[in-house]
Amino acid sequence: MNVLLPELKAYAGSLCGDPAEAEDLVQDAIERSLRANSAPAEMSQLRPWMFRVIRNLHYDELRKRRVRREYFASEKRLSNGLVGVDVARDTLVRMAFERLPPAMREIVFLVDVMGLSYAEAATVIDVPHGTVMSRVSRARRALLARIEDPAETPRARTQKT
């Protein structure tokens, strides 16, 4: 790996333009390669594989930044347009969110607040993609139930039916 380090840094630098970001990118790529089960053993295959890892990590980071910028821009736009009346609703949503069970809070935070895709969230919490989809659905329903009826809990809801 040390033989490839100058090339990896040069490639990362060409992608990032910032030496500090490039260094971080190379470190992340090396860390990922050490954890990978299917990393190529031969240098002729490792070199392009590492370049691909660096490229993928870089574009993943750019996409995450874009999603966060869009999220914060939309939140700013919403908060600028809503004065006074929705402060109570915002507080109600936050309180309902805090009352969710930890697993539900986590999945709502990852997907709806941080803007991770289902696949990214699945990687973060180490579950299948479909599990994330069903957890998000259940968590959103539970959050909505708590917003509509602050005394509502999943147990109380099943007892009503």
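In the block above lies the structure referred to throughout.
Treat the numbers as computed from the prediction; the structure is a model and nothing was measured. (Residues numbered from 1 in each chain as written. Predicted model: local features only at pLDDT ≥ 70, side-chain atom pairs only at ≥ 80, totals over all residues. Heavy atoms only, no water.)

Colleague: Looking at this structure, I do not really get the overall build of the chain. What am I missing?
Modeller: Scanning the chain from N- to C-terminus turns up eight helices and zero strands. From first element to last, N terminus to C terminus, the chain shows the α and β order α-α-α-α-α-α-α-α. By the burial criterion, 25% of the 161 residues in the chain qualify as buried. Long-range pairs, those at least 24 residues apart, make up 53% of the contacts in the chain with a sequence separation of at least 6. Accessible area for the chain stands at about 10800 Å²; split by element, carbon and sulfur atoms hold 56% of it. (Helix = DSSP H or I, 4+ residues; strand = E, 2+ residues; numbered from the N terminus. Buried < 20%, exposed > 50% of the residue type's maximum accessible area, 1.4 Å probe, protein only. Contact = heavy atoms within 4.5 Å. Areas by Shrake-Rupley, 256 points an atom, 1.4 Å probe, with all protein chains shown as cover.)

Colleague: What's the story with the nonpolar core in this structure? I'm lost.
Modeller: Across soluble globular proteins, you tend to see nonpolar side chains buried next to one another. Among the nonpolar cores identified, the biggest contains 18 residues, and L100, I107, V111, A121, I125 and V132 are the most heavily contacted of them. Those elements giving two or more residues to this core turn out to be α5 (102–113), α6 (118–125) and α7 (129–148). Among the elements that take part in this core, α7 stands out by supplying six residues, more than any other. What V111 contacts, discounting residues up to four positions off in sequence, is L116, Y118, A121, V132, V136 and R140. L8, A12, I30 and M50 belong to the second-largest nonpolar core, a separate cluster that totals 14 residues. (Core = buried A, V, L, I, M, F, W, Y, C linked by side-chain atoms within 4.5 Å.)

Colleague: How should I be thinking about the packing of helix α1 (residues 5–16) against helix α2 (residues 19–35) in this particular structure?
Modeller: What describes two packed helices is the angle between their axes and the distance between those same axes. Closest axis-to-axis distance for the α1/α2 pair is 8 Å, and the angle between their directions is 125 degrees. The orientation of α1 with respect to α2, classified from their angle, is oblique. Crossing geometry of α1 relative to α2 is assigned as right-handed. On α2, the residues touching L5, L8, K9, A12, G13 and C16 of α1 are E21, A22, E23, L25, V26 and I30. For the contact of α1 with α2, a count of residues per class yields eight nonpolar, one polar and three charged. (Axes fitted to C-alpha atoms, helices over the stretch in contact; angles between N-to-C directions. Parallel < 35°, antiparallel > 145°, perpendicular 65-115°, else oblique. Left-handed = near helix turned anticlockwise from the far one by under 90°. Nonpolar A, V, L, I, M, F, W, Y, C, P; charged D, E, K, R; others polar.)

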